[in-house]
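Residue-level structure breakdown
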Amino acid sequence: MLFCSIFLVKGRRPSANKSVFLVTDGRSNVSEHLTIPNANELRKSGVRIFVVAVGDAIDGIDEIVKVASNPPDENLLRVTNWGEVWDLIRLTVMEVYPGKYQLVDYTPPCN
């Protein structure tokens with residue numbers, strides 16, 4: 001799980017809620033010692049961290065729970081494969097923007 005520092009800059013809507021949507025397949029493998037402190041700093045800055053854990057292995061689940069905003073049962077979701085990530089995206093788009101967007105199934109050709 002790679003989790004780097006994010007610099008928050010006020011945009012067009014300063015009052016807008018800021019969120020991070022982290023999709024990971026396990027434990028940090030780059031600058032592991034910074035993952036949880038960086039997540040803590042983001043939360044202190046008012047950022048809500050949603051985490052989608054992909055796979056059925058439990059390696060790194062403690063770290064994943066600590067990264068997600070509290071309560072984890074509202075900010076942490078576990079799916080078994082990348083196809084379920086696509087299902088999650090599809091469901092989210094349909095829920096947030098009903099009828100506005102059409103999702104297209106596309107499988108790119110292998111090279």
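About the cut-offs
- Residues numbered from 1 in each chain as written.
- Predicted model: local features only at pLDDT ≥ 70, side-chain atom pairs only at ≥ 80, totals over all residues.
- Heavy atoms only, no water.
- Helix = DSSP H or I, 4+ residues; strand = E, 2+ residues; numbered from the N terminus.
- Buried < 20%, exposed > 50% of the residue type's maximum accessible area, 1.4 Å probe, protein only.
- Contact = heavy atoms within 4.5 Å.
- Core = buried A, V, L, I, M, F, W, Y, C linked by side-chain atoms within 4.5 Å.
- Pairing = 2+ DSSP bridges.
- Axes fitted to C-alpha atoms, helices over the stretch in contact; angles between N-to-C directions.
- pLDDT = per-residue confidence, 0-100.
- Polar contact = N/O pair within 3.5 Å; in protein donor to acceptor, adjacent residues only side chain to side chain.

1. Comments concerning the overall build of the protein chain
When its secondary structure is counted, the protein chain shows four helices and three strands. For the protein chain, the α and β elements follow one another from N to C terminus as β-α-β-α-α-β-α. Relative to its 111 residues, the protein chain shows a buried fraction of 25%. The contacts in the protein chain between residues at least 6 apart in sequence include a share of 67% that link residues at least 24 apart.

2. Side note on the nonpolar core
Considering soluble globular proteins, one finds that nonpolar side chains tend to be buried as a cluster. Core analysis: the biggest nonpolar cluster contains 11 residues, these being Val-20, Leu-22, Ala-39, Leu-42, Val-47, Ile-49, Val-51, Ala-53, Ile-64, Val-67 and Ala-68. Those elements giving two or more residues to this core turn out to be strand E1 (18–24), helix H1 (32–44), strand E2 (47–54) and helix H2 (61–67). Among the elements that make up this core, the one with the highest residue count is E2 (four residues). With five residues, the next largest nonpolar core counts Val-52, Val-54, Val-79 and Leu-88 among its residues.

3. Comments concerning the sheet that holds strand E3 (residues 76–79)
The strands making up a sheet associate through backbone hydrogen bonding, with each pair oriented either parallel or antiparallel. Across the sheet, which stays open at both edges, the three strands sit in the order E1-E2-E3 with parallel pairing between neighbours. Where the open sheet ends on each side, the last strands, each with one partner, are E1 and E3. Going across the sheet, the axis of each strand differs from the next one's by a mean of 15°, ignoring polarity. Here E1 pairs with E2 via seven bridges, running parallel. Residue pairing in the sheet places Phe-21 in a bridge with Phe-50 of E2.

4. Focus: the confidence of the model for the protein chain
Taken over all residues, the pLDDT of the protein chain has a mean of 79, while the share at 70 or more is 83%. Under a pLDDT of 50 for its full length, residues 1–8 has, in the predicted model, 26 contacts with residues more than four places off or in other chains.

5. A word on the side chain of Ser-28
In this fold, Ser-28 is placed in the loop between E1 and H1. Of the residues examined, Ser-28 reaches a relative accessible area of 5% and is grouped as buried. Only 2.5 Å separates the side chain of Ser-28 from the side chain of Thr-35, close enough to count as a polar contact.

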